[in-house]
Amino acid sequence: METANKVLTVETTVNAPVARVWEYWNEPAHVTKWAFAIPEWHAPRAENDLRTGGRFMTRMEARDGSMGFDFGGEYTAVTKEKHIAYTMDDGRKVTIDFVADGDKTRIIEAFEPENENPLEMQQGGWQSIMNNFKQYAEGN
């Protein structure tokens, strides 16, 4: 499957102000509560050095311990409460924009897909994680 030069986008609007959305998106104690696509998985560990040149890592694994992986990369741009750009450890690029609108925040995340899984599957997985984030941020 050839995915070169493609970019997939997922987004949501969170019923919370941008300062809270930013904190919940970036603080490791919060990341571990939402950074997985399906309930059978979880994120037992997260690290985040949120600055240009800083690194992040989130451990994602099946709750039954049968599989897991580290999702990580290096930040290439960070503008507080507005924009994050990073390069994943496999070289793919991601941007995330936070658009404040009163007590709501729109999040738009664009990512370069990998070459192993269908595009629809990748977009669905990333959207599921985004939906988990929305539910977590609105419920706390």
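Everything that follows concerns the structure shown earlier in this document.
Please read all numbers here as calculations on a predicted model, not as lab measurements.

With respect to the packing of aromatic side chains
Scanning the entire structure with this criterion turns up 14 aromatic pairs. By the ring-pair criterion, three or more aromatic residues cluster together here, those being F56, F71, Y75, Y86, F111 and W126. Stacked on the ring of F36, the Lys or Arg R63 has its end atom at 5.6 Å from the ring centre.

Some remarks on the pairing of strand 1 (residues 8-14)
By the alternation rule, side chains of strand 1 split into L8, V10, T12 and V14, which are all buried, and T9, E11 and T13, of which none is buried. One ladder, built from seven bridges, connects strand 1 with strand 7 (residues 104-111); its direction is antiparallel. Bridge assignment links T9 to a residue of strand 7, and that residue is A110.

Quick look at the sheet that holds strand 7
Backbone-to-backbone hydrogen bonds pair the strands of a sheet. The strands run either parallel or antiparallel. Ordered in space as 1-7-6-5-4-3-2, the seven strands form an open sheet in which the pairing is antiparallel. Every interior strand has two partners, whereas the edge strands, strand 1 and strand 2 (41-48), have only one. The average angle at which neighbouring strand axes cross in this sheet is 20°, direction not considered. Direction of pairing for strand 3 (residues 55-62) relative to strand 4 (residues 68-79): antiparallel, over a ladder of seven bridges.

A few points about the packing of helix 1 (residues 18-26) against helix 3 (residues 119-139)
Close contact between helix 1 and helix 3 brings their axes to 10 Å; oriented N to C, the two are set at 125°. Judged by the angle between their axes, helix 1 and helix 3 are oblique. Where helix 1 crosses over helix 3, the handedness of that crossing is right-handed. From helix 1, R20, V21, Y24 and W25 reach across to helix 3, where they touch M130, F133, Y136, A137 and E138.

Quick look at helix 3
Its 21 residues give helix 3 an end-to-end C-alpha distance of 30 Å, which sits within 8% of 30 Å, the value for a rise of 1.5 Å per residue. Taken as a whole, helix 3 has its buried residues at L119, Q122, W126, I129, M130, N132, F133, Y136 and A137. Buried positions in helix 3, seen along its axis, are confined to an arc of 165° and lie on one side of it. Among the exposed residues of helix 3, those oriented more than 90 degrees off its buried face are E120, M121, Q135 and G139.

With respect to the pattern of salt bridges
Evaluation of the coordinates by the stated rule reveals seven salt bridges. Linking D49 and R51 is a salt bridge whose minimum nitrogen-to-oxygen distance equals 3.0 Å. Given the relative accessible area of 32%, D49 is considered partly exposed. Accessibility expressed as a relative area gives 45% for R51, which makes it partly exposed. Three or more residues joined by partner-sharing salt bridges are found here, namely R59, E61 and D70.

Definitions and cut-offs
Residues numbered from 1 in each chain as written. Predicted model: local features only at pLDDT ≥ 70, side-chain atom pairs only at ≥ 80, totals over all residues. Heavy atoms only, no water. Phe/Tyr/Trp six-rings, centres within 6.5 Å; stacked < 30°, edge-to-face > 60°. Lys NZ or Arg CZ within 6 Å of the ring centre and 35° of its normal. Buried < 20%, exposed > 50% of the residue type's maximum accessible area, 1.4 Å probe, protein only. Helix = DSSP H or I, 4+ residues; strand = E, 2+ residues; numbered from the N terminus. Pairing = 2+ DSSP bridges. Axes fitted to C-alpha atoms, helices over the stretch in contact; angles between N-to-C directions. Parallel < 35°, antiparallel > 145°, perpendicular 65-115°, else oblique. Left-handed = near helix turned anticlockwise from the far one by under 90°. Contact = heavy atoms within 4.5 Å. Expected span 1.5 Å × (residues − 1). Arc of directions from axis to C-beta. Salt bridge = Lys/Arg side-chain N within 4 Å of Asp/Glu carboxyl O.

These figures capture arrangement, not role.
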